[in-house]
Amino acid sequence: MYIEAISMLEFEQERGRVVIIPFGSIEEHGPHLPLATDTTTAYELAIAAGEKTKALVAPPVYYGVCRSTKEHPGTITISASVLRRLAKDIIKGFVRQRCQRFVLFSGHAGTIHMAALKEAGEDLVEENVVKRIAVVSILDLVDKDLKLETENDSHAGELETSLMLYLRPQWVKEFPKEDYPYFPKFLLVKEKRKYWPTGIWGNPQAASREKGERFFHYLLGKLIKVVEMVKE
Ligand SMILES: [Zn+2]
């Protein structure tokens, strides 16, 4: 059930359910994928999981914390402290509405972004504000059974390009070649784009719509298990 489409009375009846809150980013995804790739994949998986588990699906949070891509055109990043407070405030808003169980599901898997969501969740558990909460990203659901051909695929490569070919083919441009960043180890650099000009981390040319459909349903099965765990 999409929260954005239901009325006050429907919400009142259904508020005992698990709430899935999708988190995304507005971030470069190479020359071929849209800026809202992470938000789109997270929201579509959340909606499908909501249908199967009868969870409520909140409107997505479009903005996230993007560190390595913040110099690339189109990336609009927010700070980790803002994301942490925003996540906590949204959840507290739901708790005020007598919702108690949550899945924070992120299409963006940046380290600092996920740390902010986990810290928000940890605080709420510590303060006994929520009954159960899980924090998980799409990349957390990837394992060897997904059978990605690209070994180190994480951004705008085989996985995300395939998912977008399945979900929004009209938004996908011609695929560029396989590429990876070459950031110096341990050293933090300001000119991120110099070390990662294409903004691709993986192999978009290994992508297909068929794979996208298979990946989507595999990831959906794993997300459903997370929702069921939060429901118990
Ligand atoms: Zn992404």
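K.L.:
Explanation requested: the nonpolar core in the structure shown.
P.N.:
Nonpolar side chains in soluble globular proteins tend to end up buried together. Core analysis: the largest hydrophobic core is formed by 30 residues, its most contacted members being Ile20, Leu45, Val103, Phe105 and Leu219. Residue assignment for this core shows that the elements contributing at least two residues are α2 (37–53), β3 (101–106), β4 (132–137), α5 (158–167) and α7 (209–231). Here this core takes nine residues from α7, the largest share from any one element. Every residue in contact with Leu45, bar those within four places of it in the chain, is listed here: Phe105, Ile138, Phe216, Leu219, Leu220 and Leu223. One finds Ile21, Ile91, Cys99 and Ala120 within the second-largest nonpolar core, a separate group that totals 24 residues.

K.L.:
How do you make sense of the coordination of the zinc ion when you look at a structure like this?
P.N.:
The reference angle at a metal is 109.5 degrees if four donors form a tetrahedron and 90 or 180 degrees if six donors form an octahedron. Within the protein, the zinc ion binds to His29 (NE2), Asp38 (OD), Glu160 (OE) and Glu160 (OE); these donor distances fall in the range 1.9 to 2.8 Å. Taken together, the four donor atoms coordinating the zinc ion span angles of 51 to 137° at the metal, a pattern that classifies the geometry as irregular. Ordering the donors of the zinc ion by residue number gives the pattern H-x8-D-x121-E. Its relative accessible area of 0% is what places His29 among the buried residues.

K.L.:
Looking at this model, I keep getting lost on the pairing of strand β1 (residues 19–23). Mind explaining?
P.N.:
Regular strands have side chains that alternate between both faces of the sheet. Most of β1 sits inside the fold, with five of its five residues counted as buried. Burial of β1 is two-sided: the residues Val19, Ile21 and Phe23 facing one way and the residues Ile20 and Pro22 facing the other way are all buried. Pairing geometry for β1 and strand β2 (residues 56–57), over two bridges, is parallel. The residue of β2 that forms the bridge with Ile20 is Val57. The pairing of β1 with β3 spans five bridges and is parallel. From the neighbouring strand, Val19 faces β3, where its bridge partner is Phe102.

K.L.:
So what exactly am I meant to see when it comes to a nonpolar patch on the surface here?
P.N.:
Nonpolar side chains collect at one region of the surface, where Tyr62, Tyr63 and Ile76 lie side by side and expose about 300 Å² of accessible area between them. Along the chain, the position of Ile76 falls in the loop between β2 and α3 (80–96). Overall, the relative accessible area of 43% leaves Ile76 in the partly exposed class.

K.L.:
Looking at this structure, I do not really get the packing of α5 against α7. What am I missing?
P.N.:
Packed helix pairs are characterised by how far apart their axes lie and by the angle those axes make with each other. Contact pair α5 / α7: the axes reach a minimum separation of 7 Å and the direction vectors enclose 100°. Relative to α7, the element α5 is oriented roughly perpendicular. Every residue of α7 that contacts α5 at Glu158, Leu159, Ser162, Leu163, Leu165, Tyr166 and Leu167 is listed here: Arg209, Lys211, Gly212, Glu213, Phe215, Phe216, His217 and Leu219. Of the residues assigned to the contact of α5 with α7, the class counts are eight nonpolar, three polar and four charged.

Rules behind the numbers
- Positions within a chain are numbered from 1, following the residues in the order the chain's sequence is written.
- The predicted origin of the model limits local features to residues at a pLDDT of at least 70 and limits the giving and counting of side-chain atom pairs to 80 or more, whereas totals for whole chains, interfaces and linings rest on all residues.
- The side-chain quantities take in all heavy atoms of the structure and omit both hydrogens and water.
- For our purposes a nonpolar core is just a set of buried Ala, Val, Leu, Ile, Met, Phe, Trp, Tyr and Cys residues, chained together by side-chain atoms within 4.5 Å.
- Partly exposed describes any residue whose relative accessible area lies between the buried limit of under 20% and the exposed limit of over 50%, with all areas from a 1.4 Å probe on protein chains only and scaled to the type maximum.
- Only DSSP runs of H or I with at least four residues qualify as helices, and only runs of E with at least two residues qualify as strands; both kinds are numbered from the N terminus onward.
- Contacts are assigned to residue pairs that have any heavy atoms within 4.5 Å of one another.
- Sites may look incomplete, because water is not among the atoms used; the donor set itself consists of N, O and S atoms within 2.8 Å of the metal (3.2 Å for Na, K and Ca).
- In short, tetrahedral needs four donors with all angles between 85 and 135 degrees, square planar needs four and octahedral six donors with opposite donors over 155 degrees apart and all other angles between 65 and 115, and whatever is left is irregular.
- Any two strands are treated as partners once DSSP identifies two or more bridges connecting them.
- Only residues whose relative accessible area exceeds 30% and that form no salt bridge are eligible for patches; like-charged ones are grouped when within 9 Å, while nonpolar side chains (Val, Leu, Ile, Met, Phe, Trp, Tyr) are grouped when within 5 Å.
- Note on areas: Shrake-Rupley, 1.4 Å probe, and residue coverage restricted to the protein chains presented here.
- Put simply, a salt bridge is a Lys or Arg side-chain nitrogen that is within 4 Å of an Asp or Glu carboxyl oxygen.
- Note on definitions: angles span 0 to 180 degrees between N-to-C directions of axes, and those axes are lines fitted to C-alpha atoms, for helices only across the stretch in contact.
- For this classification, under 35 degrees means roughly parallel, over 145 means roughly antiparallel, 65 to 115 means roughly perpendicular, and everything else is oblique.
- By the convention adopted, Pro, Cys, Tyr, Trp, Phe, Met, Ile, Leu, Val and Ala count as nonpolar, Lys, Arg, Asp and Glu as charged, and the other residues, Gly among them, as polar.

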